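Per-entry structural report
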Amino acid sequence: MNDVERALKRAGSRTNGVPERATRRLVDSAADHGLLDVAYTSLDTPVGEVMVASTQRGLVRISFGASLYRDHFVEDLSWRVSPRILEAPSYFDCVRRELDEYFEGKRTEFELPLDWSLTGGFGRRVLKRTARIPYGETSTYREMATAAGNVRAVRAAGNALGANPLPLVVPCHRVLRTGGALGGYGGGPEVKEFLLKLEGAL
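Model, not experiment: these values are computed from the prediction.

**Side note on the nonpolar core**
- Of all hydrophobic cores here, the largest spans 38 residues; its most connected members are Leu59, Val126 and Leu195.
- Within the residue set of this core, elements represented by two or more residues are β1 (38–45), β2 (48–54), β3 (59–64), α4 (93–103), α5 (121–130), α6 (141–147), α7 (154–162) and α8 (189–198).
- Per-element tally for this core: the top contributor is α4, with four residues.
- When near neighbours in sequence (up to four residues on either side) are disregarded, Leu59 contacts Val52, Ala53, Ser54, Phe92, Val95, Leu112, Pro113, Leu114, Asp115, Leu166 and Val169.
- Within the second largest apolar cluster, ten residues are counted, among which are Tyr40, Met51, Ala53 and Phe73.

**Looking at the sheet that holds β1**
- Ordered in space as β3-β2-β1-β4, the four strands form an open sheet in which the pairing is mixed. Of all strands in the sheet, those bounded by a partner on one side alone are β3 and β4 (85–87). Here the strands of the sheet are splayed against their neighbours by 25° on average, with no regard to which way each runs.
- In terms of strand pairing, β2 meets β3 through five bridges, oriented antiparallel. Within β3, the position partnered with Met51 by the bridge is Ser63.

**Focus: unusual backbone geometry**
- Positive phi outside glycine occurs at Leu168, with the angle close to 75°.
- Note that Leu168 resides in the loop between α7 and β6 (175–176).
- Look at Leu168 and you get buried, because its relative accessible area is 1%.

Cut-offs and rules
Sequence order sets the numbering: in each chain, residues are counted from 1 along the sequence as written. Given that this is a predicted model, residues contribute local features only at a pLDDT of at least 70 and side-chain atom pairs are listed and counted only at 80 or more, while totals for whole chains, interfaces and linings are drawn from all residues. Hydrogens and water are ignored here; the side-chain numbers use all heavy atoms of the structure. The term nonpolar core refers to a set of buried residues drawn from Ala, Val, Leu, Ile, Met, Phe, Trp, Tyr and Cys, joined through side-chain atoms within 4.5 Å. Burial classes: relative accessible area under 20% of the type maximum marks a residue as buried, over 50% as exposed, and values in between as partly exposed (1.4 Å probe, protein chains only). Only DSSP runs of H or I reaching four residues or more are called helices, and only runs of E reaching two or more are called strands; each is numbered from the N terminus. By the convention used here, residues are in contact when the closest approach between their heavy atoms is within 4.5 Å. Between any two strands, pairing holds if DSSP finds at least two bridges. Orientation is described by lines fitted to C-alpha atoms, with helices fitted over the stretch in contact, and by angles between N-to-C directions that extend from 0 to 180 degrees.

Shape is all these values report; function is a separate question.
Pasting the structure below:
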């Protein structure tokens with residue numbers, strides 16, 4: 001076990017209370033030694049605190065209200081992505097900036113790299129089509145099912161959107177029920193309505 005591995009073992013998956021510069025050095029060293037697969041942190045937004053996680057491929061998870069269930073958030077990522085996970089707030093400067101610009105009405109399209117590893121099959125096709133819905137526009141569950149290749153799989157499309165691991169950036173809030181009803185949303189219907197009004201879609 002080298003020095004970095006020993007430091008990571010002492011730190012566990014949390015770095016609260018450790019000076020930012022020391023945390024950054026630890027995270028950089030872990031990444032350089034191939035010991036860090038997932039970084040995460042919490043961000044404050046106008047729709048509440050969100051937890052975000054990223055791999056070397058890109059943003060892999062955004063979760064509303066997960067700070068209340070931080071341990072579950074970390075444990076789920078450790079099982080589904082990698083146990084080599086560490087809190088690293090400074091790694092999310094670009095994510096923080098793009099979200100701030102979005103909520104300020106200055107950004108209509110995210111440019112963040114995405115890691116789709118928490119999706120697969122039909123669900124991934126639905127979410128990739130959802131990612132193409134333009135700012136200020138909406139679609140329906142049926143249209144997303146059709147775009148993903150199965151016009152009859154409306155319920156499956158709804159399930160994929162309900163399990164979207166990257167809300168906000170993959171804008172599942174832009175998908176409505178046929179007839180215009182809002183439908184469900186992981187952040188709650190009031191957040192979905194807020195986002196659609198922010199974009200001028202309602």
